[in-house]
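Descriptive analysis of the structure
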Amino acid sequence: MTWVPWQQAWQEALYGGWGFYRADRGPGGHFTTSTQGAPGLGETFAEALVALARHASLTSFVDIGAGRGELLEQVHRIAPDLSCLGVDVSDRPSVPEPVGWLTSHGGPDLPDRLTGLTGVLVVANEWLDVVPCTVAELDEDLVPRTVLVDPCTGAERLGETLSDAELDWCRGEAQNWPMQGAQPGDRVEVGLARDRAWSDLVSRVDHGLAVAIDYGHLRTSRPAGGSLTGFRRGSSCAPIADGSCDLTAHVAVDSLAHTELVTQREALRRLGIAGSLPDRELAAKDPAAYLAALTRSSAATALLAPEGLGGFWWVVVNRGADGIP
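These remarks concern the structure in this document. Keep in mind that this is a model prediction, so the values were computed, not measured.

A few words now on the sheet that holds strand β14 (residues 246–248). Ordered in space as β13-β12-β14, the three strands form an open sheet in which the pairing is antiparallel. Whereas interior strands pair on both sides, the edge strands pair on one side only; in this sheet they are β13 (235–237) and β14. Sheet twist, expressed as the average angle between the axes of neighbouring strands with direction ignored, equals 40 degrees.

This next bit is on the nonpolar core. Counting residues in each nonpolar core, the largest one holds 42 residues, and the members touching the most others are F61, L121 and W314. For this core, the secondary-structure elements that each account for two or more residues are α2 (41–55), α3 (70–78), β5 (120–125), β10 (208–214), α6 (264–270), α8 (287–304) and β17 (313–319). The element contributing the most residues to this core is α2, with eight residues. For L121, the residues in contact, after removing those within four places along its chain, are L49, L52, A53, L58, S60, F61, V62, L209 and V211. One finds L110, L114, L128 and L256 within the second-largest nonpolar core, a separate group that totals 27 residues.

Attention now goes to the sheet that holds strand β16 (residues 260–263). Pairing within the open sheet is mixed, and its seven strands lie in the order β4-β3-β2-β5-β10-β17-β16. Edge positions in the sheet fall to β4 (100–103) and β16, since each of these pairs with one other strand and no more. The mean inter-strand angle of the sheet, taken between neighbouring strand axes irrespective of direction, is 20 degrees. Against the sheet, helix α5 (residues 192–203) contacts β2 (60–64), β5, β10 and β17, and its axis sits at roughly 40 degrees relative to β17.

Looking now at unusual backbone geometry. With a phi close to 55 degrees, S57 is a non-glycine residue in the positive phi region. S57 sits in the exposed class, given a relative accessible area of 60%. Phi at L142 takes a positive value of approximately 65 degrees, unusual for a residue other than glycine. In this structure L142 comes out as partly exposed when scored by relative accessible area, which is 34%.

Within α3 the residues assigned to the buried category are L71, L72, V75 and H76. End-on view of α3: buried residues confined to an arc of 130 degrees, all on one side of the axis. Close packing links the buried residues of α3 with α2, β2, β3 (83–88) and β4.

Criteria and cut-off values
- Residues numbered from 1 in each chain as written.
- Predicted model: local features only at pLDDT ≥ 70, side-chain atom pairs only at ≥ 80, totals over all residues.
- Heavy atoms only, no water.
- Pairing = 2+ DSSP bridges.
- Helix = DSSP H or I, 4+ residues; strand = E, 2+ residues; numbered from the N terminus.
- Axes fitted to C-alpha atoms, helices over the stretch in contact; angles between N-to-C directions.
- Core = buried A, V, L, I, M, F, W, Y, C linked by side-chain atoms within 4.5 Å.
- Buried < 20%, exposed > 50% of the residue type's maximum accessible area, 1.4 Å probe, protein only.
- Contact = heavy atoms within 4.5 Å.
- Arc of directions from axis to C-beta.

Read these as spatial facts, not as claims about activity.
Structural data, given as structure tokens:
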């Protein structure tokens with residue numbers, strides 16, 4: 001067996017030459033996000049983001065972890081005057097010609113050309129959960145030690161203790177991963193790599209808004225068993241770092257730099273998204289319009305669902321522009 005830290009195996013499994021995110025099928029072939037899946041979902045989500053850009057008087061839109069350009073296409077269609085740019089580890093997909101594209105190295109590594117952004121709404125939708133982080137486990141003495149994994153089998157064993165910086169993130173002044181009452185075998189997903197990746201992205205915005213949208217947890221509810229899991233063809237699976245599945249872990253959202261931290265449910269409602277059903281009389285007067293309104297209502301309901309997409313967190317950083325109204 002070959003033993004490597006989970007963070008290293010994770011990075012290679014997703015973004016290496018044979019990595020999951022480089023496959024032709026793309027992430028959309030395995031799971032649903034706010035940008036693609038059910039009819040109307042991506043369009044309704046894009047409408048909310050365009051509303052945010054309009055409210056803040058921003059003129060451009062950047063999609064970090066843009067996948068195959070699903071969200072960019074919707075934003076460009078709704079607001080063709082917005083300058084759109086996608087950033088992803090994959091090559092440029094089939095998106096409209098005015099839409100720009102930068103290829104990244106994947107994970108936390110952003111392109112050097114992504115800098116000096118002004119008048120911009122930067123959205124990182126489900127990006128940080130796939131920025132690999134150190135996975136640690138408490139040994140019999142309650143010392144957090146790096147978890148090593150064999151990429152081919154998923155077998156694990158404990159390695160060295162965490163670095164000073166990682167221990168400071170967990171136990172330092174901020175107490176980002178409280179361990180009171182912890183037991184041997186409990187896990188820690190050290191969010192330091194995510195904090196640094198987010199700070200790097202925010203530093204590239206000279207004027208505008210940066211929004212990270214992801215599933216996550218707060219200091220009061222960190223998962224004792226960790227949250228690292230795999231996803232393949234629409235279902236969760238054992239996390240195997242062989243490139244055959246997505247690998248994801250919830251984000252410690254409150255450790256990220258932020259101006260505002262709200263759930264997607266609250267953010268979208270403030271941006272005018274509601275799940276109310278259309279008037280049934282419309283069905284008789286204009287069946288096509290009724291079906292369109294019903295599709296929009298269903299999409300809005302899914303985006304607002306508190307136990308689903310509505311429970312995601314919006315981590316907002318204001319860089320001289322108005323935030324969520």
